[in-house]
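Okay, here's what each chain looks like letter by letter:
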Amino acid sequence: NKTEDATERMLELTQRERALIEARKKGGAVEVKEKSWRDLDPTKRLEHSLVKGISEFVDQDVEDARKAYDRPLQVIEGPLMDGMNVVGDLFGSGKMFLPQVIKSARVMKKAVAYLLPFMEKEKRENMIAAGLNPDDVDPDDDSNYAGKVLMATVKGDVHDIGKNIVAVVLGCNNYKVYDIGVMCSCEKILEKAKEYNVDVVGLSGLITPSLDEMVVVAKEMSKGGFKQPILIGGATTSKMHTAVKIAPNYFTMEHPVIHVLDASRSVTVVSSLLGDNKEEFVEDLTEEYEEMREDYYAGLEDRYFLTYEQAKEQKLVIDFDAVPPAPAPNKLGVNVIDNVSIEDIVPYIDWNPFFQTWELRGRYPNRGYPKIFNDEAVGGEAKKLFDDAQTLMKQIISNKSMYLKGVVGLFPANRSDDGEDVHIYENEEGRAAGTPIATYCMLRQQAEKENEDPYLSQADFIAPAGYKDHLGMFAVACFGCDELVKKYEAEHDDYNKIMSQALADRFVEAFAEYLHRVIRTDSWGYVPDENLDTSDLLKIKYDGIRPAPGYPTQPDHTEKSTMWNLIKAEELVGMGLSDSFSMLPAASVSALVFAHPQSQYFAVGQVGKDQVTSYAARKKQELEITERWLSPILNYERD
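Residues numbered from 1 in each chain as written. Predicted model: local features only at pLDDT ≥ 70, side-chain atom pairs only at ≥ 80, totals over all residues. Heavy atoms only, no water.

### Some points on the overall build of the protein
Formally: Only runs of H or I of at least four residues qualify as helices and only runs of E of at least two qualify as strands under DSSP, and these elements are numbered from the N terminus. Only protein chains enter the area calculation, which uses a 1.4 Å probe; residues under 20% of their type maximum are buried, those over 50% are exposed, and those in between are partly exposed. In this analysis, two residues are considered to be in contact whenever any of their non-hydrogen atoms come within 4.5 Å of each other.
Check the secondary structure of the protein and you find 23 helices and 13 strands. Across its three principal axes, the protein shows a C-alpha extent of roughly 95 × 70 × 50 Å. A burial count over the protein gives 51% of its 639 residues as buried. Long-range contacts, defined here as pairs at least 24 residues apart, represent 74% of the contacts in the protein between residues at least 6 apart.

### Digging into the side chain of R444
Quick reminder of the rule: Think of a polar contact as two N or O atoms within 3.5 Å of one another; within protein, one of them needs to be a possible hydrogen donor and the other a possible acceptor, and neighboring residues in sequence only count if both atoms come from side chains.
Its location among the elements puts R444 in the loop between β9 (438-441) and β10 (469-479). In this structure the side chain of R444 is engaged in a polar contact, spanning 3.5 Å, whose partner is the backbone oxygen of G419. Polar side-chain contacts of R444 include one of 2.7 Å to the backbone oxygen of Y455.

### Re the side chain of S599
In this fold, S599 is placed in the loop between β13 (588-593) and α22 (609-619). Exposure remark for S599: the relative accessible area of 7% places this residue in the buried category. From its side chain, S599 meets the backbone oxygen of H596 in a polar contact 2.6 Å long. Discounting chain neighbours no more than four positions away, the residues touching S599 are F461, G544, I545 and F594.

### Here's the deal with the environment of V270
Relative to the helices and strands, V270 resides in helix α10 (residues 263-274). Remark: the alpha-carbon pair of V270 and P325, spanning 55 residues in sequence, is separated by 56 Å. The residues touching V270, leaving out its near neighbours within four places in the chain, are V149, L170, Y175 and L231.

### Quick notes on the state of the cysteines
The bond known as a disulfide is covalent and runs between the sulfur atoms of two cysteines. Worth spelling out the cut-off: By disulfide we mean two sulfur atoms from cysteines, separated by a distance within 2.5 Å.
The full count for this structure, using the stated rule, is zero disulfides. In this structure C186 is a free cysteine whose sulfur lies 11 Å from that of C184, the closest cysteine sulfur available.

### Thoughts on α10
Every α-helix carries 3.6 residues per turn, so stepping three or four residues along brings you back to the same face. To keep things clear, this is the line we draw: Any helix carries an expected span of 1.5 Å times its number of residues minus one.
Look at α10: 17 Å from first C-alpha to last across 12 residues, which is about the 16 Å you get at 1.5 Å a residue. Here α10 has its buried residues at A263, S266, V267, V269, V270, S272 and L273.

### Some remarks on the sheet that holds strand β3 (residues 200-204)
Heads up, the condition is: Strand pairing is defined by DSSP finding a minimum of two bridges between the two strands. Axis angles are defined between N-to-C directions and span 0 to 180 degrees, where every axis is a line fitted to C-alpha atoms and, for a helix, only to the segment in contact.
On the basis of which strands lie adjacent, the open sheet formed by five strands has the order β2-β1-β3-β4-β5 and parallel pairing. Across the chains shown, the open sheet's two edge strands, defined by having one partner strand only, are β2 (175-179) and β5 (257-259). In this sheet, adjacent strand axes meet at a mean angle of 25° when their direction is disregarded. Note: strand β1 (residues 147-153) against β2, five bridges, orientation parallel. Bridging from a neighbouring strand, L150 pairs with Y178 of β2.

### A short note on the packing of aromatic side chains
Each aromatic ring pair is characterised by the separation of its centres together with the angle its planes make. The following threshold applies: Pairing of aromatic side chains here covers Phe, Tyr and the six-membered ring of Trp, requires ring centres within 6.5 Å, and sorts the geometry by plane angle: under 30 degrees stacked, over 60 edge-to-face, intermediate tilted. Geometrically, a charge over a ring is one whose NZ (Lys) or CZ (Arg) sits within 6 Å of the ring centre while staying within 35 degrees of the ring normal.
Counted according to the given criterion, the structure contains 22 aromatic pairs. Between Y114 and F118, the ring centres sit 5.7 Å apart and the planes meet at 40°, which makes this aromatic pair tilted. With Y114 and F118 both in helix α5 (residues 98-129), this residue pair falls four residues apart, about one helical turn. Seen in terms of ring centroids, W524 and Y526 are 5.3 Å apart; in terms of plane orientation they differ by 80°. Their pairing is edge-to-face. This pair shows no difference in class: W524 is buried, exactly as Y526 is. Among the aromatic side chains, those forming a connected cluster through ring pairs are W351, F354, F355, Y369, F373 and F386. Sitting over the ring of W37, R38 keeps its end group 4.6 Å from the ring centre. K312 extends its terminal NZ or CZ atom over the ring of Y308, reaching a point 4.7 Å from the ring centre.

### So, the environment of G234
Here G234 is to be found in the loop between β4 (230-233) and α9 (239-246). With 72 residues separating them along the chain, G234 and L306 place their C-alpha atoms 32 Å apart.

### Some thoughts on the packing of helix α2 (residues 42-52) against helix α4 (residues 72-92)
For clarity, the cut-off: Take the far helix as your reference; a near helix turned counterclockwise from it by less than a right angle gives a left-handed crossing, and one turned clockwise gives a right-handed crossing.
It is at 9 Å that the axes of α2 and α4 come closest, and there the two elements cross at 35°. Like other packed secondary-structure pairs, α2 and α4 cross with a definite hand, here right-handed. On α4, the residues touching T43, L46, E47, L50 and V51 of α2 are V75, P79, L80, D82, G83, M84, V86, V87 and L90.

### Details of a negative patch on the surface
Short version of the rule: The patches described consist of residues with a relative accessible area above 30% and no salt bridge, like charges being joined within 9 Å and nonpolar side chains (Val, Leu, Ile, Met, Phe, Trp, Tyr) within 5 Å. The method behind every accessible area is Shrake-Rupley, applied with a 1.4 Å probe, and residues are considered shielded solely by the protein chains displayed. In the sections that follow, a salt bridge refers to a side-chain nitrogen of Lys or Arg positioned within 4 Å of a carboxyl oxygen of Asp or Glu. The charge count treats Lys and Arg as positive and Asp and Glu as negative. His and the chain ends do not count. For the purpose of locating charges, the reference atoms are NZ of Lys, CZ of Arg, CG of Asp and CD of Glu.
A cluster of acidic residues, E279, E280, E283, D284, E287, E290, E291, E294 and D295, forms a negative patch on the protein surface. The residue E291 is located in helix α11 (residues 278-302) in this model.

And the structure:
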């Protein structure tokens, strides 16, 4: 049997065939009416809609159910909660997947929204009948929930798709979620945690500076005497960072700090924290985090780092005479890109991260797109999700509710005399005069290697003075997603809200892939005859790289400010930078463009104080500030 209901379907087909045979014997025909869930009573129809995530008939079915009950609240406490309990059980046991849960939540929200006016009317009438003032009530009464959770994306960070997913999943399990948004200051998080008297505080972030901000929040909650457990989540977070850097500042048996890997774990974690087995759960967590800290610090002791001077002596040396720099770009300077449609970039979309966002993962040999559709467990749901994405994408293309815009800069460039930075010149005259308009400061690997490989820095890929080398850079964004999100929020449609955010991320990443190709073949034009298909592009089979500031090859987000000033990203495109150098809008990508065939992606890894001191001096920045921005990669404890 390939499907769970194969037996039932066979029986149904047999019955229909038997009826047709009997009809033919009698010389006539018979209409065999198929049973439909629409023929069920209203409460069963609602339960079916919730479990299957069907929102088409919500208003009609809720109205029919309301008439069958004495009070509108009974519809929520009866069929709606019964349906959501089934959803929770199926999700918890791995028989239902995240997209289905989000669809079920959409049905629930629409049903409750329909019932709210009737509940408010009933409440007012009861209060008036009891001689009470109907306006003297607490609109935020949350006493009927299983628990209260505050969710926030920390200061300087604008990414919230993961947080939105967790909020929906918790809401499906009768937790009241207070989502206070993105770029939340520590003060705001603490203030709202008190105001709402929450049971748990959830912190989310995507960029590396958010890691340090989470440490700040934990320290301040400790100082303020808070007792709520802290949940940590987001793409840049990890269990190790939580155990080593965040937990020691706040963790106790009463209020632990827990890293939550994905949405499906959030319900289990919160229910454990608020349930009878909290003590056992926290004891296990305490033991696990203590072991992780011991392993981490033991690893630091075993790890050997070269001095900064030693690392520089063993840098990558490119023979720029044998393999010269790429020719001068066809379009020097800054150029705005505003003529690329979403339709143009669809062939460049990498769908793998899309399925990861929705926590759908195929097992070998069906990992990745499109093989995921063949996976026995998640294949069917993955195909439905993909089809829904195609439908929404066609709507977006048709009504132009999202659009793309970007800016490219191509400049003369040379490595600095000490070989550690890259000077940018406005033109050849500036290069000849030795008057750079900006300098990119680079970081070099220092962790000892077990082979003869060089210790890399991005500066190694740019030729020194005397050669006519160049450096490219771009910033691109997908606009319109925020407005679409607000539209779906107003319609109580979490599914399409999250789908819009997931698609915006795919669009802008595809735009970056598309634009990098245009730079290689036209704007810079160093490989005009490149003819690679999409799969080759995604496997990076072209010459050159496009590392992004804040990522492993250049883990300092503050270098974005240099790029923003050079290409005027805010003035020309409307792309901003937050206090923590998170790009605005959230669906944005920026990168440097290196053309030399020997340029390569690498991870800087951890760095020593000798390099950080040099780096701060070259950036004309106070050491303490530099250390804060580089905190996740320091091989020493900050003072």
